[in-house]
Amino acid sequence: VCHYEALLDAAPGRGTPRSSALPAILAFAAALTTDPRDGDRAAIDALRRAGLGGAAIVALAQLVAFLSYQLRVVAGLQAMQATPSEAAR
């Protein structure tokens, strides 16, 4: 999260106030990545209270899932690279 907060600080127009929904968005993203079961009705209700609509919540969940998938692919490729291949034996 700190990495992305630094990117937000460096983004053009950084003088623009951050969305008041950002804490709820970050909490939801953290919940989905650490234990997806925590992305439950209460977590979704917190996003709604922060002002997000249904489409935005779905888009956020899809984005978190896609990023998680990308990280798993990279980890798998790194593991394959670190393991001697069958052809090398």
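Our structure's up above, just so we're on the same page.
Thresholds applied
Residues numbered from 1 in each chain as written. Predicted model: local features only at pLDDT ≥ 70, side-chain atom pairs only at ≥ 80, totals over all residues. Heavy atoms only, no water. Core = buried A, V, L, I, M, F, W, Y, C linked by side-chain atoms within 4.5 Å. Buried < 20%, exposed > 50% of the residue type's maximum accessible area, 1.4 Å probe, protein only. Helix = DSSP H or I, 4+ residues; strand = E, 2+ residues; numbered from the N terminus. Contact = heavy atoms within 4.5 Å. Axes fitted to C-alpha atoms, helices over the stretch in contact; angles between N-to-C directions. Parallel < 35°, antiparallel > 145°, perpendicular 65-115°, else oblique. Left-handed = near helix turned anticlockwise from the far one by under 90°. Nonpolar A, V, L, I, M, F, W, Y, C, P; charged D, E, K, R; others polar. Salt bridge = Lys/Arg side-chain N within 4 Å of Asp/Glu carboxyl O. 1 Å grid on protein atoms, 1.4 Å probe; cavity = no way out; pocket = protein on both sides within 12 Å on 5 of 7 lines; lining within 4 Å. Points joined across faces, edges and corners; volume = space filled by probe spheres on them.

(A) The nonpolar core, seen in detail. Formed by Ala-21, Ala-24, Phe-28, Ala-29, Leu-32, Ala-43, Leu-47, Leu-52, Ile-57, Leu-60 and Val-64, the largest nonpolar core amounts to eleven residues. Listing elements by their share of this core, those giving two or more residues are helix H2 (22-34), helix H3 (41-49) and helix H4 (54-82). No other element matches the four residues that H2 contributes to this core. Here Val-64 is in contact with Ala-29, Leu-32 and Thr-33, once residues within four sequence places are set aside.

(B) Fine view of the packing of H3 against H4. H4 packs onto H3 with a crossing angle of 125° between their chain directions and a minimal axis gap of 10 Å. Between H3 and H4, the interaxial angle falls into the category oblique. Regarding H3 and H4, the two cross each other, and that crossing is right-handed. Contacts between H3 and H4 involve Ile-44, Leu-47 and Arg-48 from the former and Gly-54, Ile-57 and Leu-60 from the latter. Taken together, the residues of the contact of H3 with H4 sort by class into four nonpolar, one polar and one charged.

(C) Main features of the pattern of salt bridges. The tally for this structure, following the rule as stated, stands at one salt bridge. Across the pair Asp-35 and Arg-37 runs a salt bridge whose closest N-O atoms are separated by 3.0 Å. Residue class for Asp-35 comes out partly exposed when judged on its relative accessible area of 21%.

(D) Representation of the packing of H2 against H4. H4 packs onto H2 with a crossing angle of 45° between their chain directions and a minimal axis gap of 10 Å. Considered as vectors, H2 and H4 are oriented oblique to each other. Viewed along their axes, H2 and H4 form a crossing whose handedness is right-handed. Of the residues in H4, those touching H2 at Ile-25, Phe-28, Ala-29, Leu-32 and Thr-33 are Leu-60, Ala-61, Val-64 and Ser-68. When the residues that make up the contact of H2 with H4 are grouped by side-chain class, the tally is seven nonpolar, two polar and no charged.

(E) Geometry of the environment of Ile-44. On the secondary structure map, Ile-44 appears in helix H3. When its relative accessible area of 22% is taken as the criterion, Ile-44 is described as partly exposed. Taking C-alpha positions, Ile-44 is 9.1 Å from Gly-54, a pair spaced ten residues apart along the chain. Residue contacts for Ile-44: discarding those within four places in its chain leaves Phe-28, Gly-39 and Ile-57.

(F) Local environment of the layout of surface pockets. Taken as a whole, the largest pocket spans an internal volume of roughly 580 Å³. Forming the boundary of the largest pocket are 17 residues, of which Tyr-4, Leu-26, Ala-29, Val-64 and Leu-67 lie nearest the centre. Elements with a minimum of two residues in the lining of the largest pocket: helix H1 (2-10), H2 and H4. Sorting elements by how many residues they give to the lining of the largest pocket places H4 first, with seven residues. Of the residues that constitute the lining of the largest pocket, the class distribution is 13 nonpolar, three polar and one charged.

Function cannot be inferred from these measures alone, as they are strictly geometric.
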